[in-house]
Amino acid sequence: MGRLVVVSNRLADPRKPAAGGLAVALGESLQKSGGLWFGWSGNISEDGASGNDSNLHMRNSGKVTLATVDLNRSAYESYYEGYSNSVLWPVFHYRLDLANFNTSHLAGYRRVNQLFARKLKPLLRDDDTIWVHDYHLIPLAAELRALGCRQRIGFFLHIPLPPALILAAIPQHEWLMRSLFAYDLVGLQSEADVAHCMHYMTTEAQATLQDDQRLSAFGATVQVKAFPIGIDVQEFQRLGRSQDAVDTFESVRNEYSRRQLLLGIDRLDYSKGIPQRVRAFRELLERYPDNVHSATLLMIASPSRDAVNAYVDLRQELEGLCGAINGDFGDLDWIPVRYIHRTVARKRVPGLCRASRVGLVTPLRDGMNLVAKEYVVAQDPEDPGVLVLSRFAGAAEQLRDALLVNPYDAQGMAESIQTALHMPLAERQRRHSALLENIQRYDIHWWREAFLATLQSSATKASAA
Ligand code: GDG
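Residues numbered from 1 in each chain as written. Predicted model: local features only at pLDDT ≥ 70, side-chain atom pairs only at ≥ 80, totals over all residues. Heavy atoms only, no water.

> Got a sec to walk through the site of the ligand? Specific residues and values, please.
Among the 21 residues in the neighbourhood of the ligand, the closest are listed as His 158, Val 344, Asp 366, Leu 370 and Glu 374. Separating an oxygen atom of the ligand from a side-chain N or O atom of Lys 272 is a distance of 3.0 Å. Elements with a minimum of two residues in the shell around the ligand: strand 11 (260–267), strand 12 (295–302) and helix 13 (370–378). Broken down by element, the shell around the ligand gets its largest block of residues, three residues, from helix 13. Taken together, the residues of the shell around the ligand break down into nine nonpolar, six polar and six charged. Looking at the shell around the ligand, you find at least three residues from each of domain 1 (4–230 + 445–457) and domain 2 (233–441). (Near = heavy atom within 4 Å. Polar contact = N/O pair within 3.5 Å; in protein donor to acceptor, adjacent residues only side chain to side chain. Helix = DSSP H or I, 4+ residues; strand = E, 2+ residues; numbered from the N terminus. Nonpolar A, V, L, I, M, F, W, Y, C, P; charged D, E, K, R; others polar. Domains from an automatic or database assignment.)

> Run through the sheet that holds strand 14 (residues 358–361), naming residues and quoting values.
Strand order across the open sheet formed by six strands is 13-12-11-14-15-16, with parallel pairing between neighbours. Here the strands that pair on one side only, and so sit at the sheet edges, are strand 13 (337–340) and strand 16 (403–405). In this sheet, neighbouring strand axes are inclined to one another by 20° on average, regardless of whether the strands run parallel or antiparallel. Examined bridge by bridge, strand 11 and strand 12 share eight bridges and lie parallel to one another. Across the sheet, residue Asp 266 finds its bridge partner in strand 12, namely Ala 301. In the packing of helix 10 (residues 274–287) onto the sheet, the strands contacted are strand 11, strand 12, strand 13 and strand 14, and the crossing angle to strand 12 comes to about 175°. Packed onto the sheet, helix 11 (residues 309–329) meets strand 12 and strand 13 and runs at close to 155° relative to strand 13. (Pairing = 2+ DSSP bridges. Axes fitted to C-alpha atoms, helices over the stretch in contact; angles between N-to-C directions. Contact = heavy atoms within 4.5 Å.)

> How would you sum up the packing of helix 8 (residues 233–241) against helix 13? Please name residues and give values.
Packing of helix 8 against helix 13 leaves a shortest axis separation of 10 Å and a crossing angle of 55°. As far as their axial angle goes, helix 13 and helix 8 are oblique. Between helix 8 and helix 13 lies a crossing of right-handed hand. Contacts between helix 8 and helix 13 pair Val 233, Phe 236 and Gln 237 from the former with Glu 374, Val 377 and Ala 378 from the latter. Looking at the contact of helix 8 with helix 13 residue by residue, the class counts come to four nonpolar, one polar and one charged. (Parallel < 35°, antiparallel > 145°, perpendicular 65-115°, else oblique. Left-handed = near helix turned anticlockwise from the far one by under 90°.)

Right, here's the structure in full:
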């Protein structure tokens, strides 16, 4: 394989420890082949230009070149806050009620994808393999092809792909979905997403199925396949053995020695089902009073996209719900919900997971959900906590040994939490070992290698032409 070129909205320096599993995993492949990572710098320039004049910044991190462009404010607002996060994010998470189909958003989204293509093209070599990430950049391959690029290009969507009739609510859905045919390979998180994609393409785009993975339409063929993303298990285990993690574990354990701790860690996002989780917790206290003065819900919701209206509303709703439970049930020596609207240091995450009897991962819809996998990996195999997982997380296709719940059903969820709190040790161990085996087998390295191997063996647009 020639050089790997990764394109994503934001990038991270793969050599920095805080970069996170995805950056490290992509960084490994990039380092091997001396690759290029391209994306937005995160800077918003105030020059008032249309986004076309953005500077290109290049720097090296080992054998990897990091190339970034700035966006001006209007490009940022229409491409990032607008089309990406007020149209694609809500619709792809089935939230048509939260979508804002403002036509200027689409124009900005197209302009930034064109800008990325124009800036990237001169940096490319003929034998590069290009891997584009996520919903911000769906039309990027089409823009690159329009400029004459014939390299292999793969795309991975980190969020869910909804059913055809939900997608069809996007005013420009034909254009958006047609642009997927410019890729050689489209990777999705789950089999359910693949089924949705196939159904959309055959019913709305009149595509024909070549086999169970290949679709043809608009004179092109694309392969569509599920590659459920995993975590860097070894890195997370290492983190869990570090002094910081052990200290966090011990201090939380001591503080809650007389309580049962339930943990939720998410970005504060409406897809994560956070208010629904709080309602289920309230239901638990009402229906099973043995938990009063005992069960404590620790919810860490890191700030996210707080300039988008829906996120402001969510924050207010959550503060109201938590305040009401604490007011109604709390006592001098017990606060039922500890809600923290801050990002906790990554080194504290494994200790928090290990100290919690129950991990509550209850999204209304999620591409995968890596917290579910991290929670399992952080547990003590001799005395593991129980993962309560929404059936609507992509991870539920793999993690069948979690307690699967419907986050819309507060009563059902409260029952499952009660089951988790009283689960006998032998069952906890059996479930944990089955979950861990799956997470270890399908880790981040498996994901990266499976995607790239499939992309390498896919027919290129160049050879198909
Ligand atoms: C998208 C898709 C898909 C969370 N709070 C804190 C913190 N985190 C870390 C977690 C985990 C990561 O952030 C969140 O990953 P998720 O997978 O849950 O969710 P998204 O950010 O929505 O990611 C998702 C993913 O892409 C990968 O394809 O699984 O479905 O939506 O690692 O631990 N980390 C720290 N402090 C926090 O407060 N340090």
